[in-house]
Amino acid sequence: MTARLIEGKQVAAVIRTSVAARVAALPYRPGLAVVLIGDDPASVTYVRTKDKAARQTGIDARTFHLPAETTQAALLEKIEVLNADPAVDGILVQLPLPRHLDPTVSVEAIDPAKDVDGLHPVNVGRLASGRPRLVPCTPLGVMRLLTHYEVPLEGANALVLGRSVLVGRPLVALLLGANATVTVAHSHTANLIEECQRADILIAAIGQAEMVRGDWIKPAAVVVDVGINRLTDGRLVGDVAYEECAKVAGAITPVPGGVGPMTIACLLENTVAAAEWRRRQD
Ligand code: GUN
């Protein structure tokens, strides 16, 4: 059997068109501020992609590219200015930050109503308690993909491989909210392969190139690969050994072109949602 391809790029395009229509119907332009500190090449590329996608959707995107030497105080001051700016609906501080800056302190300074990354403790707590408001974009994108492809979630064994704040943990909450039976596996998990073999839905977000092998996959399982790893030969691969796993899985996401475009589409969706909520309350 060869797995059905889960085409994130196409689903993301559908979402982007619908966000653009929502934006066009608003009496104002939602504003998105992206804060990038330093010159990490991957971050520079990601931020450029986010900025461009937002503009194409009609969102007023502004990137603030600050030098790598920016102090914590200067970053907090920048975030305060953006919090107070009524034209800014969404604020995103691109991670990872240079080592001298504290990501927790920085993210906690963002107004939770403008936290389009869903990383502020208020938004994390809302999601954890089953009352989500702004949800991290990558996990939201994964859920949108599963819904789009009508993957049955209720009662399904879902395995989340990875427990990061950005992806693994919010995914657990979202899958629980959809009534899946959720297992979280990570670097200390005993019997990792057996855990994977039980999964009807396997979501890999562990940051290890091609770690998940074909014989880890339950026949006909749905495999979602959140990983994006560059090999020494320059190739981009996920956390899943694609060729092997595609022979066993029922459906699988490619890398690139799977989850990545969904992250961007969900950022745009979050920005419009943040604008609608906040401006309704003003
Ligand atoms: N770096 C990698 N992914 C993300 C993300 O979703 N949000 C932010 N802020 N930084 C990231």
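Residues numbered from 1 in each chain as written. Predicted model: local features only at pLDDT ≥ 70, side-chain atom pairs only at ≥ 80, totals over all residues. Heavy atoms only, no water.

## Quick word on the sheet that holds strand S4 (residues 90-93)
Then step 1. Pairing is parallel across the open sheet formed by 3 strands, whose spatial order is S3-S2-S4. Only two strands of the sheet have a single neighbouring strand rather than two, namely strand S3 (60-66) and S4. Direction aside, the axes of adjacent strands within the sheet are offset by 15 degrees on average.
Then step 2. Looking at chain direction, strand S2 (residues 31-37) and S3 are connected through 7 bridges and run parallel. In the strand pairing of S3, Leu 32 is matched with Ala 61. (Pairing = 2+ DSSP bridges. Helix = DSSP H or I, 4+ residues; strand = E, 2+ residues; numbered from the N terminus. Axes fitted to C-alpha atoms, helices over the stretch in contact; angles between N-to-C directions.)

## Description of the nonpolar core
Then step 1. Ranked by size, the top nonpolar core spans 56 residues in total, and within it Val 142, Leu 146, Leu 171, Leu 175, Ile 201, Ile 203 and Val 222 carry the most contacts.
Then step 2. When residues in this core are grouped by element, the largest group, 9 residues, is from helix H10 (residues 259-281).
Then step 3. Formed by 19 residues, the second largest nonpolar core is a distinct cluster that contains Ala 185, Val 240, Cys 245 and Ala 246. (Core = buried A, V, L, I, M, F, W, Y, C linked by side-chain atoms within 4.5 Å. Buried < 20%, exposed > 50% of the residue type's maximum accessible area, 1.4 Å probe, protein only.)

## Side note on the pattern of salt bridges
Then step 1. For the coordinates displayed, the defined rule picks out 10 salt bridges.
Then step 2. Here Asp 89 and Arg 278 are joined by a salt bridge, their closest N and O atoms 2.7 Å apart. Of the two residues, Asp 89 is situated in the loop between helix H3 (72-84) and S4 and Arg 278 in helix H10; the sequence distance between them amounts to 189 residues. Summarising the burial analysis for this pair, Asp 89 and Arg 278 share the class buried.
Then step 3. Salt-bridge contacts for Arg 144 lead to Glu 269; the nearest nitrogen and oxygen are separated by 2.6 Å. Residue Arg 144 is found in helix H6 (residues 137-148), and its partner Glu 269 is found in helix H10; the two are separated by 125 residues along the sequence.
Then step 4. According to the relative accessible area criterion, Arg 144 is partly exposed, its value standing at 32%.
Then step 5. Taken together, the shared-partner salt bridges in this structure form one network comprising Asp 89, Arg 278 and Arg 279. (Salt bridge = Lys/Arg side-chain N within 4 Å of Asp/Glu carboxyl O.)

## Quick look at the sheet that holds strand S5 (residues 157-161)
Then step 1. Read across the open sheet, the 6 strands follow the order S1-S11-S8-S7-S5-S6; overall the sheet is parallel. Looking at which strands have only one partner, the edges of the open sheet turn out to be strand S1 (4-5) and strand S6 (181-185).
Then step 2. Across 2 bridges, strand S8 (residues 222-225) lies against strand S11 (residues 251-252) in parallel orientation. Bridge pairing links Val 223 to Ile 252 in S11.
Then step 3. Where helix H7 (residues 168-177) meets the sheet, its contacts fall on S5, S6 and strand S7 (201-204), and the angle it forms with S5 comes to roughly 170 degrees. (Contact = heavy atoms within 4.5 Å.)

By themselves, these observations are geometric and do not establish any function.
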